[in-house]
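# Analysis of the macromolecular model
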Amino acid sequence: MYRDDQALSWDKRHSPLADMPGSVHESSNLDRGGGNRKKKIEEFSRSSREKLVQSKNKMFSKFTSILQHAVEALAPSLPLQEDFVYHWKAITHYYIETSDDKAPVTDTNIPSHLEQMLDILTQEEQERESGETGPCMEYLLHHKILETLYTLGKADCPPGMKQQVLSFYTKLLGRIRQPLLPHINVHRPVQKLIRLCGEVLAAPTENEEIQFLCIVCAKLKQDPYLVNFFLENKAKRPEVRSLGAPEGARGGPASPDTGQPPATPEEPSPDGRIVVKACEGLMLLVSLPEPAAAKCLTENTDLVALLTDRLSGFYKALPLSMDPLDIETVESVNWGLDVYNLKEEAAIFAGKRALISFLSWLDYCDQLIKEAQKSAAAVMARAVRESFFVPVMEPQLMQTSEVGILTSTALLNRIIRQVTSDALLQEMVYFLLGEDRDAETPAGVTRNPLRHRLVEHCDHLSDEISIMTLRLFEQLIQKPSQHILHSLLLRSLEERNYLENKPQEEPLENGLAHDAVDLEEDPLFGDDPSSDGRLSGSDWLSPSPSQSPDHGKADGKTEVHKIVNSFLCLVPDEAKSSYHVEGTGYDTYLRDAHRQFRDYCGVCHRWDWRGIPKPLEKCDLDRAFFEGHFLKVLFDRMGRILDQPYEVNLQVTSVLSKLCLLPHPHMHEYLLDPYINLAPGCRSLFSVIVRVVGDLMLRIQRIPDFTPKLLLVRKRLLGLEPEGVNVDHMTLLEGVIVLEEFCKELAAIAFVKFHATATSSP
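Throughout, residues of each chain are indexed from 1 in the direction in which the sequence is written. Thresholds applied to this predicted model are a pLDDT of at least 70 for local features of residues and 80 or more for the giving and counting of side-chain atom pairs; totals over whole chains, interfaces and linings are not thresholded and use all residues. By convention in this description, side-chain values take in all heavy atoms of the structure and omit both hydrogens and water.

So the rule is basically this: UniProt positions are given in the numbering used here, feature names are shortened, and annotations may be inferred rather than shown by experiment.
According to UniProt, the comment filed for the protein chain under the heading Sequence similarities (unreviewed entry) is "Belongs to the FHIP family."

Following this line, the structure appears as structure tokens:
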């Protein structure tokens, strides 16, 4: 017995319950410990009782809900209106009978009653003819249920009620087909609830807020006139600003962009999805055709400043130095679809994340302006020019640091490539080239400092900067903007004062080149071309300047042969190497020229070029001719083709070939007609090439084994020969190869354009 009693005594002393209030051991301690321990026991007991009561209430609520559903399932169904009123009164009775307002709404029957009310309203509409309002909807409108719910949501009583109210509004507007917003007892509480959104940043209700705002935007998109219910005077709080508030609340450039900013490196965060939804809502709002809505958005909200500030912030966050190739080749960026992995991208190149963020927001701005109502689009595009291009980008483009120039030019090239909206493209072009439309003069080329600097960069001491700037202009002249071509080229050729105003004798026919072909028998350009081979609106050359009164021409077939062979015969045989390599003949350029010219015609078709070509008798031929700053730099570069790096020559000829493809009679005449009689002191593309060939003929005589060396260099460039011993005069030999290929390309372009004219003539 002694051992058993001793063991029992030990068990009591060392049991986990020994120190708990109310235990035998604790009682003995209380006798020794006094009043402090007794007070703690009383507090613990009171807390335990409160938790027990809360637990019982929660269990009772759940039991009541289960019982309610069971009764509803077994009892005969009530008329819809009675059922609807029952659920609404059940909600109001909760506030009358319940004294505990701290329990979350999810512990009550309110969410269930609200869902039942939505189901009843949906069922009622489905059972009635389209547009007819049923008694349940009449009850909701007459008793101002939405106003009451707004009040409860604003008070957030019980906790979480705001989320329930937002969800109810969203589902009601989304499920009911009949227009609800015109009712004053709908759009007035909707207005108030809009104001409630975005008051607290990163609120627990932000997901419900953005869903609600987006459904309102969608309804306004369906019936744009409804937006007038939500517009207020500037002195009042504008609802449209509230509609944009959640998106603006995301902060500055360091905050998530319209892509999917990661909570972890592998997956996007919910906050990123909310930003995308907010951007979608704004996209719907700006597209509303109502002028009052456009004016409110652009004048009475922070939308315009938000767009430009974030664009500037993202640009400033880019590294000062980036590889142009990385900028050019980074994958296409679509706002809202930007999922990425930080670790992987950091390993590819530094700054990729920042670059994608900038391009993503640029894409959003571009699409927003593209979708916007016309006046709103113009205001937003002008703001991008005045608040981003001029103060942020221009200083970067005007700097003297070669690294900075290279990076900023590559970024500008990417921006030009990405912009698609007409309004933003126009403002960007005005920023780069200015708005002048008068003919250029040599003294006036510096009038626009940025334009002058960019054109000069095409002939920069740094070959990298020259190549990148030439790529920029190549990208620019392919954009669908008439002002680009007029500003860079056409205004200088408008008066055709590059021509000497006196009759020209008929030139002798050139002999056929060794690789000349019977062009009319070419399968791509035969007498019976397929329907898709004809270019709509390709009467751009009729009447052709080449048939103008200043000099006579033979029939079209003879004329095209003369011009084609003039280009093919420019380079002397001893400087040609393509006929030694299979698949490098002139005909290889025909298909590409045809496709590119068709694309250009599609772009230029909508432009008003009536009255062109301008008759010579109406031209001011006495005015001194200036080819324009851009063409001057290109011709200067072309004149040094034998002394420039291979990569520079490729880019110069690429830009010139794009200009030759333009379906404008003056451009065709000036760049592609070898037989025009130039005014004294003027030069054309053909005359520039003739001078280069003359220089080449002199140099060939001084280089031993010129032709074998030329062929070796061509094969190395084509990868047909391995790199070996350095060849003397490599720059010259590479320049000759580029010159030969360029002449073949010009011949193909000339033929394609003449053929397009012939096939479009009646």
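From this point, the discussion proceeds with the structure in view.
### Points about the pattern of salt bridges
Rules: A carboxyl oxygen of Asp or Glu within 4 Å of a side-chain nitrogen of Lys or Arg is what we treat as a salt bridge. Where helices and strands are cited, they refer to DSSP runs of H or I of at least four residues and of E of at least two residues respectively, numbered from the N terminus. Relative accessibility under 20% of the residue-type maximum defines a buried residue, over 50% an exposed one, and the middle range a partly exposed one, all with a 1.4 Å probe and only protein chains included.
Summed over the entire model, instances satisfying the criterion amount to 30 salt bridges. For aspartate 599, the salt bridge goes to arginine 595, with nearest N and O atoms at 4.0 Å. Here the residue aspartate 599 and the residue arginine 595 both occupy positions in helix H25 (residues 590-604), the gap between them amounting to four residues, near one helical turn. Look at aspartate 599 and you get partly exposed, because its relative accessible area is 43%. For the salt bridge of glutamate 741 with arginine 714, the shortest nitrogen-to-oxygen distance reads 2.9 Å. Separated by 27 residues along the polypeptide, glutamate 741 in helix H31 (residues 730-760) and arginine 714 in helix H30 (residues 706-717) bring together distant segments of the chain. Each member of the pair, glutamate 741 as well as arginine 714, carries the same accessibility label: buried. Because the salt bridges share partners, they merge into one network encompassing Glu115, Asp119, Lys171 and Arg175.

### Focus on the confidence of the model for the protein chain
The condition that has to hold: Across the chain, each position has a pLDDT score giving the predictor's confidence in that residue, from 0 to 100. What makes two residues a contact is simply this: any of their non-hydrogen atoms within 4.5 Å.
A residue-level look at the protein chain finds 75% of positions with pLDDT of 70 or above and a mean pLDDT of 80. Between residues 1-33, whose pLDDT stays under 50, and residues either more than four places distant or in other chains, the model counts 19 contacts. Note that residues 504-555 has pLDDT below 50 and, in this model, 105 contacts with residues that lie over four places away or in other chains.

### Let's talk about a negative patch on the surface
Counted only if it meets this: Each patch is built from residues lacking any salt bridge and having more than 30% relative accessible area; the joining distance is 9 Å for like charges and 5 Å for nonpolar side chains (Val, Leu, Ile, Met, Phe, Trp, Tyr). Note on areas: Shrake-Rupley, 1.4 Å probe, and residue coverage restricted to the protein chains presented here. In summary, the charge assignment counts Lys and Arg as positive and Asp and Glu as negative, without counting His or the chain termini. By convention, the point assigned to a charge is CZ for Arg, NZ for Lys, CD for Glu and CG for Asp.
Judged by side-chain charge, Asp323, Glu402, Asp463, Glu464 and Glu647 come together as a negatively charged surface patch. Along the chain, glutamate 402 turns up in helix H19 (residues 402-418).

### Structural notes on the environment of phenylalanine 431
Along the chain, phenylalanine 431 turns up in helix H20 (residues 422-433). Through-space distance from the C-alpha of phenylalanine 431 to that of phenylalanine 389 is 7.2 Å; in sequence the pair is 42 residues apart. Once residues lying within four places of it in the same chain are set aside, the contact partners of phenylalanine 431 are Arg385, Phe389, Val390, Met393, Glu394, Leu397 and Leu450.

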